[in-house]
Amino acid sequence: MGEIVKQTTIKRNEIVYKVDDRPPLPLSIVLALQHILAAFGGIVAVPLIVGQAIGVKIDDLSYLVSAAIFMAGLATFIQARGIGKCGARVSCMMGTDFSFVSAGILVGQSMGLAGYFGATILGSFVEIILSRFIKPLMKYFPPVVTGTVVTLIGLTLLPVSIDWAAGGYGAPDYGSLQNISIAMVVLLIALFLNKYGKGIVSSASVLIAIFFGYIICSFLGILDFKPVLDAKWIELPRIFKYGVNFSLVGVLPFIAPYLVTTIETVGCLIAIGEASEKPLSSEEVSAGILADGVGSFLAGFFGAGPNTSFSQNVGLIPLTKVASRYVMIVASILLMLLGIFPKIGALIAIMPNPVLGGAGIVMFGMVAAAGIKTLSRCELTTRNLLILAVSIGLGLGVTVRPDVISHLPQALKMFFGSGISTGTITAFLLNIVLKDE
């Protein structure tokens, strides 16, 4: 497999700035902002959902959001910069994960924020321990498995971007002509600038398209600046502001989500390696999983939920042709600043869904295309086609019809509730069970 990867990379290297290259600082800042915009909605959504569900006050909710942003920056820094054997040292964005919403609400309602943060800290040891066992498993991830996983990541994210483009799932004006038009304008600007722009214009095509989206929404009167005006100027993170409660009962609901995010992070890191034209070694993947665990461990101290890799940011790598981890280091520093200055963070948080949707369609589609590119290196035997067909079929099936697993035990629902984890587990097992022809 190593021979094939090497030959393919030499034959066609599309990446302008490789993983260890340092783009000029102005370009790095622009590219970092693109990554932040792509991930910001996911970062702030989890503390908002969990906080509202357990009935925290408005001021406390604001702090939880700021803490989540700050910790996303710190976890991203650890992952991209690397500290010792911790961190994959690739362009990987980190943030709070939706997999923990149900467990967070369950623990938060019974044990308060102190129990929620205690479970976050204790549960992080699941990933820290599992990171030591990744190396022997990586031999079971040949191109047919990694390509399937990367393709599935893109395909399962596309419905999310379509919902954004339509105005947001459940919105009164879902699918309105105005929402679709805004999304399509943003999409077309991003495509045009990426294809025909030169230098920084091409690399920053998504950011420029989003900026035009803001302008359009402002003229249409659908950009609400009230959250920006209401936000505090400065909100410094504090250790154990709400206390901490370590409980075995409290940590149990967090074990399954931590196992699921471990599987998803393996797939995400593989996808980043493929997009960066630098396939990751088992040691690098292991270091990435360890960064997940360490980031989540620290998050509990500062009042944030578990952190894990964000797959939606992978699409920006082939789109911008920049795989530099230093861009992500810049993004991590900006995120930590955003966590300290809530008004700036609020300016990003008010981004209308159609604007993000237009950009998301391009980014997530690029992730799926990167997976197809990996699959093109495989011989399409009956065995490989079966692995691809069944894994994508089940992964997409769970994504578009989540009720199909509604009667499974809670532990199994946590494992198979994500199309990415379902498809990854399926591809992994079929690769072992189905023998080579």
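Scroll up a little and you will see the structure.
Draft legend 1. Seen up close, the overall build of the chain. Of the regular secondary structure elements, the chain holds 18 helices and two strands. Taken against the 2.2 N^0.38 rule, which gives 22 Å for 437 residues, the C-alpha radius of gyration of the chain at 21 Å falls within 12% of a compact globule. When its C-alpha atoms are laid out on the principal axes, the chain stretches across 60 × 55 × 45 Å. Across the 437 residues in the chain, those meeting the buried criterion constitute 57%. Contacts in the chain between residues at least 24 apart in sequence constitute 85% of all its contacts with a sequence separation of at least 6. Entry remark: accessible area of the chain is about 18,500 Å², with carbon and sulfur atoms responsible for 69%. Within the chain, the 23 negative side-chain charges are centred at a point lying 6 Å from the centre of the 28 positive side-chain charges.

Draft legend 2. Main features of the pattern of salt bridges. In the structure shown here, the tally under the stated rule is two salt bridges. Between Arg 325 and Asp 20 there is a salt bridge, with the nearest N and O atoms lying 2.8 Å from each other. Here the residue Arg 325 occupies a position in helix H13 (residues 325-340), and Asp 20 occupies one in the loop between helix H1 (2-11) and helix H2 (25-53), the gap between them amounting to 305 residues. Its relative accessible area of 10% is what places Arg 325 among the buried residues. Residues Glu 284 and Lys 278 are paired through a salt bridge, measuring 2.7 Å at the closest nitrogen-oxygen approach. Judged by its relative accessible area of 22%, Glu 284 falls in the partly exposed class. For Lys 278, a relative accessible area of 26% translates into the label partly exposed.

Draft legend 3. Summary view of the layout of surface pockets. Reported here for the second largest pocket is a volume of approximately 290 Å³. Ile 134, Leu 137, Thr 262, Ile 263 and Val 266 are, among the 14 residues lining the second largest pocket, the residues nearest its centre. Mapped onto the lining of the second largest pocket, the elements with two or more residues apiece are helix H10 (248-275) and helix H18 (419-433). The dominant element in the lining of the second largest pocket, judged by the number of residues it contributes, is H10, at four residues.

Draft legend 4. Focus on helix H8 (residues 205-220). With 16 residues, H8 extends 23 Å from end C-alpha to end C-alpha; this agrees with the ideal 22 Å at 1.5 Å per step. Restricting attention to buried positions, one finds in H8 the residues Ser 205, Val 206, Leu 207, Ala 209, Ile 210, Gly 213, Tyr 214 and Cys 217. Of the residues flanking the end of H8, it is Gly 221, one or two places downstream, whose phi is positive at about 75°.

Draft legend 5. Spatial organisation of unusual backbone geometry. If you check the backbone angles, Phe 240 has positive phi at about 50° while not being a glycine. Within the secondary structure, Phe 240 is located in the loop between helix H9 (226-230) and H10. The phi dihedral of Lys 321 is positive, around 60°, even though this residue is not glycine. Tracing the chain through its elements places Lys 321 in the loop between helix H12 (316-320) and H13. Assessed through its relative accessible area of 30%, Lys 321 is described here as partly exposed.

Draft legend 6. Up close: helix H6 (residues 177-196). The end-to-end C-alpha separation of H6 is 28 Å, in line with the 28 Å expected for 20 residues at 1.5 Å each. All of the buried residues in H6 are Asn 179, Ile 182, Ala 183, Val 186, Leu 187, Ala 190, Leu 193 and Asn 194. Considered in projection along H6, the buried side chains sweep an arc of 140° and stay on one side of the axis. Of the exposed residues in H6, those oriented more than 90 degrees away from the buried face are Leu 177, Leu 188, Phe 192, Lys 195 and Tyr 196.

Rules used in this analysis
Residues numbered from 1 in each chain as written. Predicted model: local features only at pLDDT ≥ 70, side-chain atom pairs only at ≥ 80, totals over all residues. Heavy atoms only, no water. Helix = DSSP H or I, 4+ residues; strand = E, 2+ residues; numbered from the N terminus. Rg over C-alpha atoms; globule rule 2.2 N^0.38 Å. Buried < 20%, exposed > 50% of the residue type's maximum accessible area, 1.4 Å probe, protein only. Contact = heavy atoms within 4.5 Å. Areas by Shrake-Rupley, 256 points an atom, 1.4 Å probe, with all protein chains shown as cover. Lys, Arg positive; Asp, Glu negative; His and termini not counted. Charge placed at Lys NZ, Arg CZ, Asp CG, Glu CD. Salt bridge = Lys/Arg side-chain N within 4 Å of Asp/Glu carboxyl O. 1 Å grid on protein atoms, 1.4 Å probe; cavity = no way out; pocket = protein on both sides within 12 Å on 5 of 7 lines; lining within 4 Å. Points joined across faces, edges and corners; volume = space filled by probe spheres on them. Expected span 1.5 Å × (residues − 1). Arc of directions from axis to C-beta.

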